[in-house]
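The chain contents come next:
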Amino acid sequence: MKSYRDLEIYQMAYHLALEVHDLTMALPKYELYEQGSQVRRSSKRIKDTIAEGFGRRRYKDEFVRFLIFAHSSCDETISQLNMISDIHFAEEPLTDLLNQYDTLGRKINSFIKYVEQNWKTD
């Protein structure tokens, strides 16, 4: 891995953040700056925190700490999306998007375990 961009979790988080951005821009105006803004920020924070952690990869504990922050932001995004789904998409819930974030959370968790057990620093 030469860059954070090579990480599957980063790529997935990036693409999901784009989806969330597009989805929230179609919410009613009053939600653009409430729930919409909050979920946009949490979804984008996942990819940014992965990138920042990768920049600290030389220090395994720091890398793990930032990956844990990314996982927490993923959980926050899921919580926000559940609320948006229940309020604005009751007829067609955001099941697929929520499942993708659930998968991302599992992948981040697996990567945390990998780094904890196998990451070598020089």
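All figures in this text were calculated on a predicted structure; none of them were measured in a lab.

A.B. asks: I'm lost on the environment of Glu 19 in this one. Help?
C.D. replies: With respect to the helices and strands, the residue Glu 19 is situated in helix α1 (residues 8-25). Looking at Glu 19, the relative accessible area reads 38%, which means it is partly exposed. For Glu 19 and Gly 36, which are 17 residues apart along the polypeptide, the C-alpha to C-alpha distance reads 12 Å. With residues up to four places along the chain from it excluded, the contact list for Glu 19 reads Leu 97 and Gln 100.

A.B. asks: What should I look at first to understand the packing of helix α3 (residues 35-55) against helix α4 (residues 60-88) in this one?
C.D. replies: Two numbers describe how α3 lies on α4: the axes approach to 8 Å, and their chain directions differ by 160 degrees. When the axis of α3 is compared with that of α4, the two are roughly antiparallel. The interaxial crossing formed by α3 with α4 has left-handed handedness.

A.B. asks: Please clarify how helix α5 (residues 95-118) should be interpreted in this entry.
C.D. replies: Residues three or four positions apart in an α-helix share a direction because the helix packs 3.6 residues into each turn. With 24 residues, α5 extends 34 Å from end C-alpha to end C-alpha; this agrees with the ideal 34 Å at 1.5 Å per step. Within α5, burial applies to Leu 97, Leu 98, Tyr 101, Leu 104, Gly 105, Ile 108, Phe 111, Ile 112 and Val 115. Looking at the buried side of α5, the elements it contacts are α1, α3 and α4.

A.B. asks: Help me understand the environment of Leu 98, please; the structure alone is not making it clear to me.
C.D. replies: Mapped onto the secondary structure, Leu 98 falls in helix α5. In this structure, the C-alpha to C-alpha distance between Leu 98 and Thr 77, residues 21 residues apart in sequence, is 9.0 Å. Apart from residues lying up to four places away in sequence, Leu 98 is in contact with Ile 78, Leu 81 and Asn 82.

A.B. asks: I tried to follow the packing of aromatic side chains on my own but got confused; where do I start?
C.D. replies: Applying the stated criterion across every chain yields a total of nine aromatic pairs. Seen from their ring centres, Tyr 10 and Tyr 14 are 6.1 Å apart, and the 40 degrees between their planes marks the pair as tilted. Taken together, the residues Tyr 10 and Tyr 14, both in helix α1 and four residues apart, mark about one turn of the helix. With a relative accessible area of 11%, Tyr 10 lands in the buried category. Residues Phe 111 and Tyr 114 carry aromatic rings whose centres are separated by 6.0 Å and whose planes lie at 25 degrees to one another, so their mutual orientation is stacked. Placement of both Phe 111 and Tyr 114 in helix α5 is noted, with a separation of three residues, approximately one turn of the helix. With relative accessibility at 13%, the residue Phe 111 sits in the buried group.

A.B. asks: I keep staring at the packing of α4 against α5 and nothing clicks. Help me out?
C.D. replies: To describe two helices that pack against each other, one gives the angle between their axes and the distance between the axes. Orientation of α4 relative to α5, taken along the N-to-C sense of each, is 165 degrees, at an axis distance of 10 Å. One element, α4, and the other, α5, form an angle in the roughly antiparallel class. Seen along the crossing, α4 lies across α5 with a hand that is left-handed. Residue-level inspection shows Lys 60, Phe 63, Val 64, Leu 67, Ile 68, Ala 70, His 71, Cys 74, Thr 77, Ile 78, Leu 81 and Asn 82 of α4 in contact with α5, the latter providing Leu 97, Leu 98, Tyr 101, Asp 102, Leu 104, Gly 105, Ile 108, Asn 109, Phe 111, Ile 112, Val 115 and Glu 116.

Basis of the calculations
Within every chain, residues take consecutive numbers counted from 1 along the sequence as written. A pLDDT threshold of at least 70 governs which residues receive local features in this predicted model, and a stricter bar of 80 or more applies before side-chain atom pairs are shown or counted, although totals over entire chains, interfaces and linings include all residues. In computing side-chain values, all of the structure's heavy atoms are included and hydrogens and water are not. The way it works is that DSSP assigns letters per residue, a run of H or I at least four long becomes a helix, a run of E at least two long becomes a strand, and they are numbered from the N terminus. Categorising residues by exposure relies on relative accessible area from a 1.4 Å probe, with only protein chains included: less than 20% of the type maximum marks a residue as buried, more than 50% marks it as exposed, and the intermediate range marks it as partly exposed. Here, residues are in contact when the closest pair of their heavy atoms is within 4.5 Å. Lines are fitted to the C-alpha atoms to define the axes, a helix being fitted only along its stretch in contact, and any angle between axes, read from their N-to-C directions, falls within 0 to 180 degrees. Geometric relationships in this document are graded by angle, where less than 35 degrees denotes roughly parallel, more than 145 denotes roughly antiparallel, 65 to 115 denotes roughly perpendicular, and other angles denote oblique. A clockwise turn of the near helix away from the far one marks a right-handed crossing, whereas an anticlockwise turn of less than a right angle marks a left-handed crossing. One less than the number of residues in a helix, times 1.5 Å, gives the span that helix is expected to have. What counts as a ring pair is set by centres within 6.5 Å for rings of Phe, Tyr and Trp (its six-membered ring), and what kind of pair is set by the plane angle: stacked under 30 degrees, edge-to-face over 60, tilted for all other angles.

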